[in-house]
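Coordinates in review
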Amino acid sequence: MTTEQTETAENGSEVIESSSKSSEPIKIDLNKPTIRAAIDQGKVLIAEGKSKADAARAIFDVIKDEPKEVIVAAFVEGATLTDKGALTYWYNVRRKAAKDAARKENGTSLDPGVGSGS
């Protein structure tokens, strides 16, 4: 079980402190340029009327190599998700990205007749 608290760091940047019962709190800096850009991209998509899933996928594409806690926090801010919703989106988006990467590596595609030898 994870709990999160938003704090303001001494330099005025927003930091989310995440902790679980078995580990020390983790500081998450959402103001790193790549993370901030991903969050802003998600907010733009939401403002354009796109779905939260579209925003989450766009955010994930930019920061997929960041730790889970960072991505989840970015989903909360950039895709307007709840903590629990963001964790669910993280799981689903990550799983879909892994499947897509495996398909690409194997030379298969979702499009009928493309990459399937038909």
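Refer to the structure presented above.
This write-up is about the structure you can find in this document. Model, not experiment: these values are computed from the prediction.

**Quick word on the overall build of the protein**
Counting its secondary structure elements, the protein contains four helices and three strands. Secondary structure elements of the protein, listed N to C terminal, follow the sequence β-β-β-α-α-α-α. In the protein, which comprises 118 residues, the share counted as buried stands at 28%. Across the protein, contacts joining residues at least 24 apart in sequence account for 33% of those joining residues at least 6 apart. For the protein, the computed accessible surface area is about 7,700 Å², with 52% contributed by carbon and sulfur atoms.

**Digging into helix H1 (residues 33-47)**
Between its terminal C-alpha atoms H1 stretches 21 Å, which fits the 21 Å expected from 15 residues at 1.5 Å a residue. Three or more residues of H1 are buried, namely Ile 35, Arg 36, Ala 38, Ile 39, Gly 42 and Leu 45. Buried residues belonging to H1 abut strand S3 (26-29), helix H2 (52-63) and helix H3 (68-78).

**Topic: the pattern of salt bridges**
Enumeration over the complete set of coordinates arrives at seven salt bridges. Across the pair Glu 66 and Lys 32 runs a salt bridge, and its minimum N-O distance is 3.4 Å. Of this pair, Glu 66 sits in the loop between H2 and H3 while Lys 32 sits in the loop between S3 and H1, and the two are 34 residues apart along the sequence. Look at Glu 66 and you get partly exposed, because its relative accessible area is 21%. Residues Arg 57 and Asp 54 are paired through a salt bridge, measuring 2.5 Å at the closest nitrogen-oxygen approach.

**Some words on the packing of H2 against helix H4 (residues 83-106)**
Interhelical geometry of H2 versus H4 gives an angle of 60 degrees and a closest axis separation of 10 Å. The way H2 lies across H4 gives a crossing that is right-handed. Across from Lys 52, Ala 53, Ala 56, Arg 57 and Phe 60 in H2, the residues of H4 making contact are Tyr 89, Val 93, Arg 94 and Ala 97. Class assignment for the residues of the contact of H2 with H4 results in six nonpolar, no polar and three charged.

**What to know about unusual backbone geometry**
Residue Thr 80 is not a glycine yet carries a positive backbone phi of 55 degrees. In this fold, Thr 80 is placed in the loop between H3 and H4. Note on Thr 80: relative accessible area 42%, which makes it partly exposed.

**Topic: H2**
For H2, with twelve residues, the first-to-last C-alpha span of 16 Å sits near the 16 Å given by 1.5 Å per residue. Considered for burial, the residues of H2 that qualify are Ala 55, Ala 56, Ala 58, Ile 59, Phe 60 and Ile 63. In this structure, the buried side of H2 is in contact with H1, H3 and H4.

**Topic: the environment of Ile 63**
Summarising the element assignment, Ile 63 is placed in helix H2. Under the relative-accessibility criterion, Ile 63 is labelled buried at 3%. When the C-alpha positions of Ile 63 and Ile 35 are compared, they lie 6.5 Å apart, and in sequence the two are 28 residues distant. Those residues in contact with Ile 63 that lie beyond four places of it in its chain are Thr 34, Ile 35, Ala 38, Ile 71 and Ala 74.

The rules behind the values
Residues numbered from 1 in each chain as written. Predicted model: local features only at pLDDT ≥ 70, side-chain atom pairs only at ≥ 80, totals over all residues. Heavy atoms only, no water. Helix = DSSP H or I, 4+ residues; strand = E, 2+ residues; numbered from the N terminus. Buried < 20%, exposed > 50% of the residue type's maximum accessible area, 1.4 Å probe, protein only. Contact = heavy atoms within 4.5 Å. Areas by Shrake-Rupley, 256 points an atom, 1.4 Å probe, with all protein chains shown as cover. Expected span 1.5 Å × (residues − 1). Salt bridge = Lys/Arg side-chain N within 4 Å of Asp/Glu carboxyl O. Axes fitted to C-alpha atoms, helices over the stretch in contact; angles between N-to-C directions. Left-handed = near helix turned anticlockwise from the far one by under 90°. Nonpolar A, V, L, I, M, F, W, Y, C, P; charged D, E, K, R; others polar.

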